[in-house]
Amino acid sequence: MLVRAGAGLAVMAALAAALWLYARAWTPDRDHYPVQGVTVDSTDGTVEWDTLAAQGADFAYIRATDSITGRDPAFAANWRGARKAGLRYGAVIEFSLCRPPADQGTAFMTTVARDNAALPPAIRLAFDPRCAARPGRDRLLSDLNTLVNLVEGHAGKPVLINVTEDFNEAYDIGSGINRTLWLDRNFLPPDYASRPWVMWTASDMRHIDGVESPVRWNVVTP
């Protein structure tokens, strides 16, 4: 009995290891989603941009501002690296429920120079454990619209709204602001917003040469 149980545990461990390795390497089918790319920030360490491009990344969204501390310290290096490697590139602003939208807009404008070649900037809406504030929906949408106007005025193009499932459940962002949606869900296309998405973070477990830590791997609707 003990031998049989040990063999069963060994099989389960081997299966779990195989699934983990598969998840690390998985990306959506290029036949369905031909344009794919990454999101990176300072927590990813030094990015080898030429290697990343050779691994199949068509574009990179680069965190410009953190929701609490402000400017991402790796932004300038990552922005230059993506551009030099020939990737399309765009900036991500992490929205904060604990900072005035005008301050967040100023942080973006002083970090990201206007660049007509850049992709539309993205505002990421996700709950941050460092911020306990939970304003009402009307206040949230008002603050978000203020930030959208500031960012769009500086960038000269409409923003993307990248909203997580729990944040959308709390505030129904899809019906509250008319901007292109970018949604998250590992492995399965997301369906939690009231409008169709244009970009999807298909995995936050992707391991790829050129980046030290797992990256968020994104695809665009055909």
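Here goes a summary of the coordinates provided. (Residues numbered from 1 in each chain as written. Predicted model: local features only at pLDDT ≥ 70, side-chain atom pairs only at ≥ 80, totals over all residues. Heavy atoms only, no water.)

1. Describing unusual backbone geometry
Glycine aside, a negative phi is what most residues show, and trans is what most peptide bonds show.
Okay, step 1: The phi angle at Asp-172 is positive, at roughly 45°, despite the residue not being glycine.
Okay, step 2: Relative to the elements of secondary structure, Asp-172 occurs in the loop between helix H6 (165–171) and helix H7 (173–176).
Okay, step 3: Asp-172 sits in the partly exposed class, given a relative accessible area of 33%.
Okay, step 4: Positive phi values are uncommon outside glycine, yet Phe-187 reaches one of about 75°.
Okay, step 5: Inspection of the secondary structure puts Phe-187 in the loop between strand S7 (180–184) and strand S8 (199–206).
Okay, step 6: A relative accessible area of 31% means that Phe-187 is categorised as partly exposed. (Helix = DSSP H or I, 4+ residues; strand = E, 2+ residues; numbered from the N terminus. Buried < 20%, exposed > 50% of the residue type's maximum accessible area, 1.4 Å probe, protein only.)

2. Let's talk about the packing of aromatic side chains
Okay, step 1: Applying the stated rule across the entire model yields 11 aromatic pairs.
Okay, step 2: Centroid distance Tyr-33 to Trp-200: 5.6 Å. Interplanar angle 70°. Geometry classified as edge-to-face. Separated by 167 residues along the polypeptide, Tyr-33 in the loop between helix H1 (2–25) and strand S1 (36–40) and Trp-200 in strand S8 bring together distant segments of the chain.
Okay, step 3: Among the residues examined, Tyr-33 registers a relative accessible area of 16% and is labelled buried.
Okay, step 4: Site record: aromatic cluster; members linked through ring pairs are Tyr-33, Trp-197 and Trp-200.
Okay, step 5: The aromatic ring of Trp-217 is capped on one face by Arg-206, whose charged end is 4.8 Å from the ring centroid. (Phe/Tyr/Trp six-rings, centres within 6.5 Å; stacked < 30°, edge-to-face > 60°. Lys NZ or Arg CZ within 6 Å of the ring centre and 35° of its normal.)

Remember, this is a structural readout, not a statement about activity or role.
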